[in-house]
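# Structure assessment
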Amino acid sequence: MTRADPRLYVALDLPGVEEARALTAAIGDAVISYKIGLQLLPIGGMDLARELIDQGKHVFLDFKFHDIDATVEKAVRSVAGLGADILTVHARPDVMAAAARGKAGSGLRVIGVTVLTSLNKPALEAIGYTDDAQSLVMRRTQQALDAGVDGIVSSPLEAAAARKIVPDDFLIVTPGVRMPGGDKGDQKRVATPFDAIKNGASHIVVGRPINAARDPRAAAIAITANMRGGS
Ligand code: C5P
């Protein structure tokens, strides 16, 4: 049995691609799926993405596109041929519809970021939203379905309600995942790996609990075991 579980994406939120390469080497065959985000994008992140794809890894590009329709469509088209698995855009109806056009005919799966997991009710109110996170996630999940994208990003706490209104193959990707008793950092809406999957997540994203761990490979193995229902 291979140890790696493709449902666990490790976030390569590190200062440079050399650190990211060292992390993937240290983790070895314990992880097959990696997420590259905005921190590495301007400093070699796409070279790293291509290397990981060439190594047979699943690559999730967390670029959270949010722009006018034409720009989003063309940007997604630029990403679509690269061989990455997943790309994020913000879950606004027009942005998601443009992204769905941009990825048409490719194997890329586009998912809409519903509400950042670092935002709770006071933080949402401060930026002018009167909906709470749960209502906003549900509204945007329906809009993702209508727009024809492949899934959403939500916190594990909203995944269960979202799962009830989407088909089985619709992706629900949840960051904000912490081991029991783990440090939350700036995340506000969190759950354990096991609970995230139980709540209907198709994939989980884990950053600091692995990329800042003293032993990242051991941390990834523990999180995988927890996700699969172990301790
Ligand atoms: O270190 P931590 O496990 O909190 O990292 C979570 C990762 O998931 C980060 O890369 C963050 O940008 C990303 N993310 C998130 N909330 C979202 C979408 C993405 O935390 N809604």
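These lines cover the structure that appears in this document, whether it is placed above or below. (Residues numbered from 1 in each chain as written. Predicted model: local features only at pLDDT ≥ 70, side-chain atom pairs only at ≥ 80, totals over all residues. Heavy atoms only, no water.)

### A short note on the sheet that holds strand 8 (residues 203–206)
- Spatial strand order, 1-2-3-4-5-6-7-8: 8 strands in a closed barrel with parallel pairing. Between one strand axis and the next, the sheet turns by 25° as a mean value, whatever way the strands run.
- Pairing analysis gives 3 bridges linking strand 6 (residues 151–153) to strand 7 (residues 171–174), with the strands arranged parallel. The residue of strand 7 that forms the bridge with V153 is V173.
- Here helix 10 (residues 216–227) sits on the sheet in contact with strand 1 (8–11) and strand 8, set at roughly 145° to strand 1. (Pairing = 2+ DSSP bridges. Helix = DSSP H or I, 4+ residues; strand = E, 2+ residues; numbered from the N terminus. Axes fitted to C-alpha atoms, helices over the stretch in contact; angles between N-to-C directions. Contact = heavy atoms within 4.5 Å.)

### Things to note about the environment of L23
- Considering the arrangement of structural elements, one finds L23 in helix 1 (residues 17–27).
- Along the backbone, L23 and N211 are 188 residues apart, and their C-alpha atoms lie at a distance of 7.1 Å.
- Setting aside its immediate chain neighbours within four residues, L23 contacts V10, L12, L14, I210, N211 and P216.

### Here we look at the site of the ligand
- Near the ligand lie 18 residues; those nearest to it are D13, K35, T117, G207 and R208.
- The separation between an oxygen atom of the ligand and a polar side-chain atom of K35 is 2.7 Å.
- For the ligand, the protein covers 87% of the area, taking 470 Å² as the surface of the free molecule.
- Using a 2 Å cut-off from the grid points, one finds that the ligand occupies the largest pocket.
- Elements with a minimum of two residues in the shell around the ligand: strand 3 (58–65), strand 8 and helix 9 (208–211).
- Taken together, the residues of the shell around the ligand break down into 9 nonpolar, 3 polar and 6 charged. (Near = heavy atom within 4 Å. Polar contact = N/O pair within 3.5 Å; in protein donor to acceptor, adjacent residues only side chain to side chain. Areas by Shrake-Rupley, 256 points an atom, 1.4 Å probe, with all protein chains shown as cover. 1 Å grid on protein atoms, 1.4 Å probe; cavity = no way out; pocket = protein on both sides within 12 Å on 5 of 7 lines; lining within 4 Å. Sits in = over half its atoms within 2 Å of the grid points. Nonpolar A, V, L, I, M, F, W, Y, C, P; charged D, E, K, R; others polar.)

### Comments concerning the pairing of strand 5 (residues 109–113)
- With 4 of its 5 residues buried, strand 5 lies for the most part within the structure.
- Strand direction decides the pairing type here: strand 4 (residues 86–90) and strand 5, joined by 5 bridges, are parallel. Residue pairing across strands places H90 opposite V113, the latter belonging to strand 5.
- Crossover handedness for the path strand 4 to helix 4 (residues 93–102) to strand 5: right-handed.
- As paired elements, strand 5 and strand 6 share 3 bridges and run parallel to each other. Within the sheet, the bridge partner assigned to I111 lies in strand 6 and is G151. (Buried < 20%, exposed > 50% of the residue type's maximum accessible area, 1.4 Å probe, protein only. Right-handed = clockwise from strand over helix to strand, strands pointing away.)

Functional significance is not addressed by these values, which are geometric in nature.
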